[in-house]
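# Observations on the three-dimensional arrangement
Read off the chains here:
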Amino acid sequence: MDQFFDPGSVAVLGASNDPAKWGFWLSAGALKGTHRRQVYLINSRVASIQGEPTFGSLAELPETPELLVISIPGRGVPAVVDEALAAGVRAFLIISARVPDAAEMAQRIISAGARLIGPSSLGVVDASNDLLLAWGNFTPGSLAVVTQSGQLGTEIATLSARSGLGISRFASIGGQSDVRAAEILTSLVDDEATTQVVLYLESFTGGSALVAAMQALRAAGKPTMILTTGQSDAGARLAKSHTGSLTSAMDTVDAACRAAGAIRLSTPGEAVEFAGFLATSWLPAGKKIAIISDSGGQGAIAADRAESHGLRVNILNTATRTRVEGHLPLAGHIDNPIDLDGAGEADLSVHACLVDELLADESIDSVILSGYFGCYGEDIPALLDAELAEVGALGETVRKHRKPLIVHSMSADSPAVAALWENSIPVYTSIESVMRVVAGAGFYASHAGRITEALERSGPVTPWGTGYAAARDTISAAGVPVPRAQTVKRGTELAEVMAGSDLTPPFVLKAGWPAHKTELGAIALGLRDATALEDAYTEMVARLGEGEYIVEEMDTRGEAVEILVGGRQDENFGPIVMVGAGGTETELYGDTWLELAPVTHAEALDMVSRLTCYRLLTGWRGRRAADLDELAEIIVSVSRLIAGSNEIQEVEINPVRVTPDGALAVDALVVTNRDDESDDGTDDNSSSDSGSNTNGDGSDNGKSDNDGNGEKESP
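Since the model is a prediction, treat every value here as computed from it, not as a measurement.

So, about the overall build of the protein. Each helix and strand counted, the protein has 27 helices and 31 strands in total. In the protein, the proportion of contacts linking residues at least 24 apart, taken out of those at least 6 apart, comes to 70%. Split by element, the accessible area of the protein, about 28400 Å² in all, is 49% carbon and sulfur.

A word on the sheet that holds strand β7 (residues 115-117). Strand pairing in a sheet takes place through backbone hydrogen bonds and is either antiparallel or parallel in direction. If you trace the 7 strands from one edge of the open sheet to the other, you get β3-β4-β2-β1-β5-β6-β7, paired in mixed fashion. Lying at the two open borders of the sheet, with one neighbouring strand each, are β3 (48-49) and β7. Where strand β5 (residues 67-70) and strand β6 (residues 91-94) come together, 3 bridges link them in parallel fashion. Bridge pairing links I70 to I94 in β6. Each of β1 (9-13), β2 (38-42), β3, β4 (52-55) and β5 is contacted by helix α2 (residues 22-31), which is oriented at about 160 degrees to β2, the strand it contacts most.

Bringing unusual backbone geometry into the picture now. Glycine aside, the phi torsion of most residues is negative, and most peptide linkages are trans. Note that the residue after G118, namely P119, is joined by a cis bond; omega there is -5 degrees. Among the secondary structure elements, P119 is positioned in the loop between β7 and β8 (123-126). A cis amide bond links P505 to the next residue, P506, at an omega of 0 degrees. With respect to the secondary-structure elements, P506 resides in the loop between α21 (494-499) and β21 (507-511). The phi dihedral of Q176 is positive, around 50 degrees, even though this residue is not glycine. By the secondary structure assignment, Q176 is in the loop between β11 (167-172) and α6 (181-188). The phi dihedral of D341 is positive, around 50 degrees, even though this residue is not glycine. Tracing the backbone through its elements, the reader meets D341 in the loop between β16 (338-339) and α14 (343-346).

So, on to the nonpolar core. Of all hydrophobic cores here, the largest spans 54 residues; its most connected members are V69, L133, L185, L199 and L210. Counting residues per element, this core draws most heavily on helix α10 (residues 249-260), which supplies 6 residues. Not counting residues within four places of it along the chain, the set of residues in contact with L185 comprises V146, V197, L199, L210, A213, M214 and L217.

Right, let's talk about the packing of aromatic side chains for a bit. What the rule picks out here adds up to 11 aromatic pairs. Taking the centre distance of 5.4 Å and the plane angle of 70 degrees together, the rings of W22 and W135 count as edge-to-face. Of the two residues, W22 is situated in helix α2 and W135 in the loop between β9 (131-134) and β10 (140-147); the sequence distance between them amounts to 113 residues. Owing to a relative accessible area of 23%, W22 belongs among the partly exposed residues under this scheme.

Here the focus is the pairing of β6. Residues A91 and L93 of β6 are buried on one face, and the alternating residues F92 and I94, pointing to the opposite face, are buried as well. At this point the chain moves from β5, through helix α3 (residues 77-87), to the parallel β6, and the crossover so formed is right-handed. Both β6 and β7 contribute to a ladder of 3 bridges, which runs parallel. Paired with L93 across the two strands is I117, which belongs to β7. Each parallel crossover has a hand, and the one from β6 via helix α4 (residues 102-111) to β7 is right-handed.

Turning our eyes to something else, we now look at the pairing of strand β15 (residues 289-293). Most of β15 sits out of view: 5 of its 5 residues are buried. Across the two faces of β15 the burial is the same, with I289, I291 and S293 and A290 and I292 all buried. Here β15 runs beside strand β17 (residues 366-371); their pairing, made up of 5 bridges, is parallel. Bridge pairing in β17 places A290 opposite V367. As judged from the 2 bridges shared by β15 and β16, these two strands associate in the parallel manner. When the sheet's bridge partners are listed, S293 is paired in β16 with D339.

Let's shift gears to a negative patch on the surface. Among the surface-exposed residues, E493, E496, D529, E534, D535 and E546 lie close enough to one another that they form a single negatively charged patch. In this fold, E534 is placed in helix α23 (residues 530-544).

With that settled, consider helix α12 (residues 296-308). Here α12 is 13 residues long and its end C-alpha atoms lie 19 Å apart, about the 18 Å a rise of 1.5 Å per residue gives. Among the residues of α12, G299, A302, A303 and A306 are the ones counted as buried. Each buried residue of α12 lies within a common arc of 100 degrees when the element is viewed along its axis, so the set occupies one face. Where the residues of α12 are buried, they touch β15 and α19 (431-446). Trailing α12 by a residue or two, G310 shows a phi angle of about 80 degrees, which is positive.

Another aspect to go through is the pattern of salt bridges. Summed over the entire model, instances satisfying the criterion amount to 29 salt bridges. Two residues, D178 and R115, come together in a salt bridge whose shortest N-O distance is 2.8 Å. Placement of D178 in the loop between β11 and α6 and of R115 in strand β7 is noted, with a sequence separation of 63 residues between them. As a salt-bridge pair, E539 and R543 come within 2.3 Å of each other at their nearest N and O atoms.

In spatial order, the strands read β20-β23-β21-β22; together these 4 strands make up an open sheet with antiparallel pairing. Looking along the sheet, the strands with just one partner apiece sit at the ends: β20 (485-488) and β22 (523-527). Sheet twist, expressed as the average angle between the axes of neighbouring strands with direction ignored, equals 15 degrees. Against the sheet, α23 makes contact with β20, β21, β22 and β23 (549-553), and its axis sits at roughly 15 degrees relative to β21, the strand it touches most.

Attention now goes to the side chain of D591. Tracing the sequence through the fold places D591 in the loop between α24 (586-589) and β26 (592-596). Despite its burial, D591 remains without a salt bridge, the nearest opposite charge being carried by R615 at 8.1 Å. Engagement of the side chain of D591 in a polar contact is seen with the backbone nitrogen of C613, the distance being 2.9 Å.

The rules we used
- Residues numbered from 1 in each chain as written.
- Predicted model: local features only at pLDDT ≥ 70, side-chain atom pairs only at ≥ 80, totals over all residues.
- Heavy atoms only, no water.
- Helix = DSSP H or I, 4+ residues; strand = E, 2+ residues; numbered from the N terminus.
- Contact = heavy atoms within 4.5 Å.
- Areas by Shrake-Rupley, 256 points an atom, 1.4 Å probe, with all protein chains shown as cover.
- Pairing = 2+ DSSP bridges.
- Axes fitted to C-alpha atoms, helices over the stretch in contact; angles between N-to-C directions.
- Core = buried A, V, L, I, M, F, W, Y, C linked by side-chain atoms within 4.5 Å.
- Buried < 20%, exposed > 50% of the residue type's maximum accessible area, 1.4 Å probe, protein only.
- Phe/Tyr/Trp six-rings, centres within 6.5 Å; stacked < 30°, edge-to-face > 60°.
- Right-handed = clockwise from strand over helix to strand, strands pointing away.
- Patch = residues over 30% accessible without salt bridge, like charges linked within 9 Å, V, L, I, M, F, W, Y side chains within 5 Å.
- Salt bridge = Lys/Arg side-chain N within 4 Å of Asp/Glu carboxyl O.
- Lys, Arg positive; Asp, Glu negative; His and termini not counted.
- Charge placed at Lys NZ, Arg CZ, Asp CG, Glu CD.
- Expected span 1.5 Å × (residues − 1).
- Arc of directions from axis to C-beta.
- Polar contact = N/O pair within 3.5 Å; in protein donor to acceptor, adjacent residues only side chain to side chain.

Next up, the structure:
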């Protein structure tokens, strides 16, 4: 990337003296680096620009520039690019928009062995290398910005300058016709000036490379903050399984962030405030916080906002409470939040004393100081020295304990506020910002990234067929337990098949090919004996026609919890695995969690623990706890199945019936890239209806079964 961020020479095509034009700002910025590189300004209409002589065309330059910056009307760009390639230019930064046949032009550049950022880039900046090829001014600093939206990137740069962070590198990548975000992120790993990165993307093409780049940044101690918006869920709408339809694009980005050790934020302001925290403070070890406030109302609101962000405001333990009381002898009530009740005004030094006691408590991960602190010296100049002295004492305290103290102050820019930042104590004017940052810091600390195992991708794991029988075979071969079953193929008599079978009733009968069994009446549950099975089979064949049918033993175990386990190929990030609340209400509850696949047993257990329905699995209302290890093994198996096959696009088991005695997959759907082929002669080639309780369920005790229509019958 040196040709873009530290070129030996730069030529600006479209240089201008008009401050309202891009060519002016590109010329002015380029000229700031003349002590480091040769700069050529190209404009055939004027003899000089900003005091520097111009050249009438690219051909007039005394040498071939290492980087050519193009800022002319889009229609003229392709011809200029062809001329530049012929002249030997090997790096292009194209600011121009509305370039005709841009994709073809980009391919010509790539085929010539050259590189391209743009079109529609808003420029690049490297403060360490005195490179400024963008509109406006950039304050040098430590934050790198890589963005698809140049304007949004400029906003981040502006906010970063105001916060005191400044910019180390800025790259507006436009349409990523050649150079992509992952490549620039990788170049930042060894960039000494960069300590943090903000990435804004609207598309995540090549997502696996992005994850690898962010993992490398995390390993180098450089946090990556991601902003994104407008992620299309069209793929989810087209998915054939609940796994596909319930996994949004944003869910997948979040899973990628967890794998990469990055964090997704919502706005440029959030990114910069979080970057300020990371540049200043220590990361918290957990979610347990203590709140000190000189206002009961502010303390109560702080506690409410903390809990809304998943933070824990626990009652102080006895030892800490006793020590705190020693510093607040007149306080009527000591709790968490701690109300100073005027003690701060009486003696400013109480702040550092209390913070010291709280940070010394191993059960407290962070301390929040909310209220008037930071305003004393601003409102009462005679108190400034005392307040600054207290800031120094607070700084010594946090350095001793190496835990975060975050201040919510009613002042934005007082001398005390500036001193707090200098003493490794972040300050925000909004309690919402404080709690958002603390929660984000906890998330970031607990997700250091993980390396997903790279499985050798194979072809079909079984001879592919279509329908439920093939799906059963596939998941069973992957290690997922399924009920015992017999398949009644086209042209085969049920009685003949069952005569040689040792299946025990009650039975479940399923038509193997419909995508939605319940709606078609393609499932019969609780068949008590061979006669009931024969009657159901005769009736179903008469309605649905010949085809492949499956007879299973019905799972009647008690205390079952229905769980969905699935996986799919994401177009950007590759294989993902999902777990969620299962059964016919899967889409209603939307209780899911996903990760990039494959996952380990421990990671699978963590996924399950994230579900709202997790409490049902751990012994709800006196039930015995379900076999979580068996469920985790099924999740692992599905994750490895989706990650290790070239042909599987989606796989879903819904439900997995999890009981204290183990887990059993009683319905399965497998969608492959060959699912338009059929081995049973039917027109409907979908594997199964994973949304219906195909083996019978909907109950919580295994003694009755749900046919998907709200009706139950005893076996």
